[in-house]
Amino acid sequence: MFVPIKLKKRDGKIVYERENVKKILPECEIIVNPVEPINLPKNITRFLEIDFSPIVIKPNGVETIYLKFPIEIGVFAKDSDRMIVIDVFAFEKPKFTLYGDPKNGVVCRWFQSDVYYEIPEVDPSKHGVLKLVIKNGKDWAEVGKVVLDCYAMKIYYDKFASCWAEMKILSKISAETTFVDKPIAEGMKKAAELYTTRRLMGKSFIMEWGLI
Amino acid sequence: MIEINGDRIEGAILFAIVVALGIIVARVVSMNVRRSLAEKVPANELNLILKVVNFSIIAIFALIALPFLGVDLSGLIAAGGFAGLVVGFASRSVVANLVSGIFLLVERPIKIGDQVKVGDVAGFVEDIHILSTIIRTYDGLFVRIPNEKLFTSNIVNLIVNPVRRLEYIVGISYKDDAEKAIEIIRGVVEDHPFALKNPEPTIFVDELGESSVNIVVRVWCPSSVWFDVKTELLWKIKIELEKAGIEIPFPQRVVWLRRDRNEPGKDVPA
């Protein structure tokens, strides 16, 4: 993966450069990893909506599917256990949508994915893989979208970024989505997060304006 | 010398009991007011409200209890009534603003930081006081609006809903292909990150105007970036239409002239 950043050492400092961004850092560790895709062009939401071809699930059925999701790349400076974000960039152009109605809905980062039943190949600079476990209730259900709260997103990465989420269907039009803090494959490393401090604000999201 | 007899002692005790009851009621009411307004009202204003509530209740109970001390309230009521009339007239607008301020705090049509339009004033809500509301206009001016005026005005809160729609009318010349223009505009809109995917943008020929075919472009975008999108998108549409050779015409009128047969060479209005 080509990362368009330059790091130069000058007078005992590190000069970080990317396009129009230039920052002078003290001697420290630089970490580059995938981060929550809600920062660009600017942070206006905490939610990610992924649309996919609707799948029909039997009563009490459990489906595990894989979806692609957009990623952004975060650059962090680290010293001892403390980190600060230096820069965030992305290779994928973002698009936003509204989940719900114009009065009560939520603005979400939007992405369209195909449905896969095993881990798909992805362009690791643009996309990650989301493992989505859908647990159905007592009735038939049709699901064509998932909305996730990225403040609770747990990204793991190796050759590509990934995360794991669960969707518990509550009714024909509502579901609860939660991130699972586990890698989808062995040997993956946990990514540094941008929103760890806001974790207390809730880990799950209730989709109450439809599942298609 | 104070005359001490049974009636006086009994009256004093009753007065003390009623006032004590008033203090207890005032404390309970103050506690509830504090609890319900703690997150809605700034601390300094909350203290003022609590003091007003506290002393008003105690004063009411004390007035009720005064007859137990043998105080005749009829004179006091007459004097108080007259004084109240004078004070009432003098402070009518203050009370109106105060009451409006309380209603605004309870109803909460606006919050600090919201972008609002009140009459001909538009800008950011900087502060909501008990008597007035402060607006910082987009050009940086400080505007104080009395709460009574704010409460009785039409308040437009520009960001209370998560999304807003913007609309342009793009005129193209009659010789150009409107379908192609719509396709180009749709491409520009879809390319903009904050032009929302849902609700879908709508782009259609709305009117065959005097000088142009008018295409309406309606796009939903997040309220927080509405103005940015509005300014960026229109210019991008103009550039892309021009790149495709589609003309955005000036207003024009075709004027026909005819020559008068009797006086060759002389033009007359048609």
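What you are looking at is a predicted structure, and each value in this text was computed from that prediction instead of being measured. As a convention, each chain's residues are numbered from 1 in the sequence order in which they are written. The order in which chains are written sets their letters, starting at A; the order in which ligands are written sets their numbers, starting at 1. In keeping with the model being predicted, local features are shown solely for residues with a pLDDT of at least 70 and side-chain atom pairs are shown and tallied solely at 80 or more, while totals for entire chains, interfaces and linings include all residues.

(A) Summary view of the sheet that holds strand β4 (residues 29–35) of chain A. Residues and elements named next belong to chain A. With antiparallel pairing, the three strands of this open sheet are ordered in space as β4-β7-β8. Strands at the two margins of the open sheet, each flanked by one partner only, are β4 and β8 (82–89). For this sheet, the mean angle separating the axes of adjacent strands, direction not counted, is 30°. By the bridge criterion, seven bridges tie β4 to strand β7 (residues 72–79) in an arrangement that is antiparallel. Paired with Asn-33 across the strands is Gly-74, a residue of β7. Pairing between strands is defined by DSSP: at least two bridges between them are needed. The numbering of helices and of strands both runs from the N terminus, where a helix is a DSSP run of H or I of at least 4 residues and a strand a run of E of at least 2. Only the stretch in contact is used when a helix axis is fitted, and all axes are lines through C-alpha atoms; the angle between N-to-C directions ranges over 0 to 180 degrees.

(B) Fine view of helix α4 (residues 92–107) of chain B. Residues and elements named next belong to chain B. Given the number of residues in a helix, its expected span is that number minus one, multiplied by 1.5 Å. Here α4 spans 22 Å end to end across 16 residues, near enough to the 22 Å set by a 1.5 Å rise per residue. Here exposure depends only on C-beta density: within 10 Å of a residue's C-beta, 20 or more other C-beta atoms make it buried, 12 or fewer make it exposed, and intermediate numbers make it partly exposed, the C-beta atoms being placed from the backbone. Listed in full, the buried residues belonging to α4 are Asn-97, Ser-100 and Gly-101. Taken down its axis, α4 places every buried residue within 110° of arc, on the same side. Residues of α4 that are exposed and point over 90 degrees away from its buried face: Arg-92, Val-106 and Glu-107. Count one or two residues on from α4 and you reach Arg-108, which has phi positive near 50°. To be clear, the arc concerns the directions from the helix axis to the C-beta atoms.

(C) Molecular detail of helix α7 (residues 226–243) of chain B. All names here are of chain B. For α7, with 18 residues, the first-to-last C-alpha span of 26 Å sits near the 26 Å given by 1.5 Å per residue. Listed as buried for α7 are Trp-226, Val-229, Leu-233, Ile-237 and Leu-241. The buried residues of α7 occupy one face: seen down the axis, they fall within an arc of 75°. Facing away from the buried side of α7, by more than 90 degrees, are the exposed residues Thr-231, Trp-235, Ile-239, Glu-242 and Lys-243.

(D) Representation of the packing of helix α6 (residues 178–191) of chain B against α7 of chain B within the structure. All names here are of chain B. With their axes 9 Å apart at the nearest point, α6 and α7 run at an angle of 135° to one another. Taken together, the axes of α6 and α7 lie oblique to each other. Seen along the crossing, α6 lies across α7 with a hand that is right-handed. Along the contact surface, α6 presents Ala-181, Ile-184, Ile-185, Val-188 and Val-189, while α7 presents Leu-233, Lys-236, Ile-237, Glu-240 and Leu-241. Side-chain classes are defined by residue name, with Ala, Val, Leu, Ile, Met, Phe, Trp, Tyr, Cys and Pro counting as nonpolar, Asp, Glu, Lys and Arg as charged, and the others, Gly among them, as polar. Along the lines of polarity and charge, the residues of the contact of α6 with α7 split into eight nonpolar, no polar and two charged. In what follows, roughly perpendicular refers to angles from 65 to 115 degrees, roughly parallel to angles under 35, roughly antiparallel to angles over 145, and oblique to any angle outside these ranges. The sense of a crossing depends on the near helix, which, turned anticlockwise from the far helix by less than a right angle, makes the crossing left-handed and, turned clockwise, makes it right-handed. By the criterion used throughout, residues are in contact when their C-beta atoms, derived from the backbone, lie within 7 Å.

(E) Main features of the pairing of strand β9 (residues 96–99) of chain A. All names here are of chain A. Taking every second residue as pointing to the same face, both faces of β9 are buried, with Phe-96 and Leu-98 on one and Thr-97 and Tyr-99 on the other. With four bridges joining them, β9 and strand β10 (residues 106–112) adopt antiparallel strand pairing. Across the sheet, Leu-98 pairs through a bridge with Val-107, a residue of β10. Counting the residues that bridge the hairpin from β9 to β10 gives six residues, and of these Gly-100 lies at a positive phi of roughly 105°.

(F) Structural detail: the sheet that holds strand β12 (residues 141–149) of chain A. Residue and element names in this part refer to chain A. Strands sit in the order β9-β10-β5-β12 across an open sheet of four strands; the sheet is mixed. Each edge of the open sheet carries a strand with a single partner, namely β9 and β12. Along the sheet, successive strands turn relative to each other by an average axial angle of 45°, direction set aside.

(G) Quick look at the interface of chain A and chain B. Contacts between chain A and chain B engage 14 residues on the former and 13 residues on the latter. Residue classes in the side of chain A that touches chain B are distributed as nine nonpolar, two polar and three charged.

(H) Layout of the environment of Asp-158 of chain A. All names here are of chain A. Along the chain, Asp-158 turns up in the loop between β13 (156–157) and β14 (161–169). On the basis of neighbour counts, which here come to 13 C-beta atoms within 10 Å, the residue Asp-158 falls in the partly exposed class. The residues touching Asp-158, leaving out its near neighbours within four places in the chain, are Gly-187, Met-188 and Lys-189.

(I) Main features of the pairing of strand β2 (residues 13–18) of chain A. Residue and element names in this part refer to chain A. Inspection of the sheet shows strand β1 (residues 6–10) paired to β2 by five bridges, in the antiparallel sense. Following the sheet pairing, Lys-9 is matched in β2 by Ile-14. Linkage of β1 to β2, two consecutive antiparallel strands, is achieved through a turn of two residues, within which Asp-11 is found at a positive phi near 50°. Bridging between β2 and strand β3 (residues 21–25) involves five bridges; their strand directions are antiparallel. Looking at β3, one finds that Glu-17 is bridged to Lys-22. As consecutive antiparallel partners, β2 and β3 are separated by two residues, and within that stretch Glu-19 has a phi angle of approximately 45°, a positive value.

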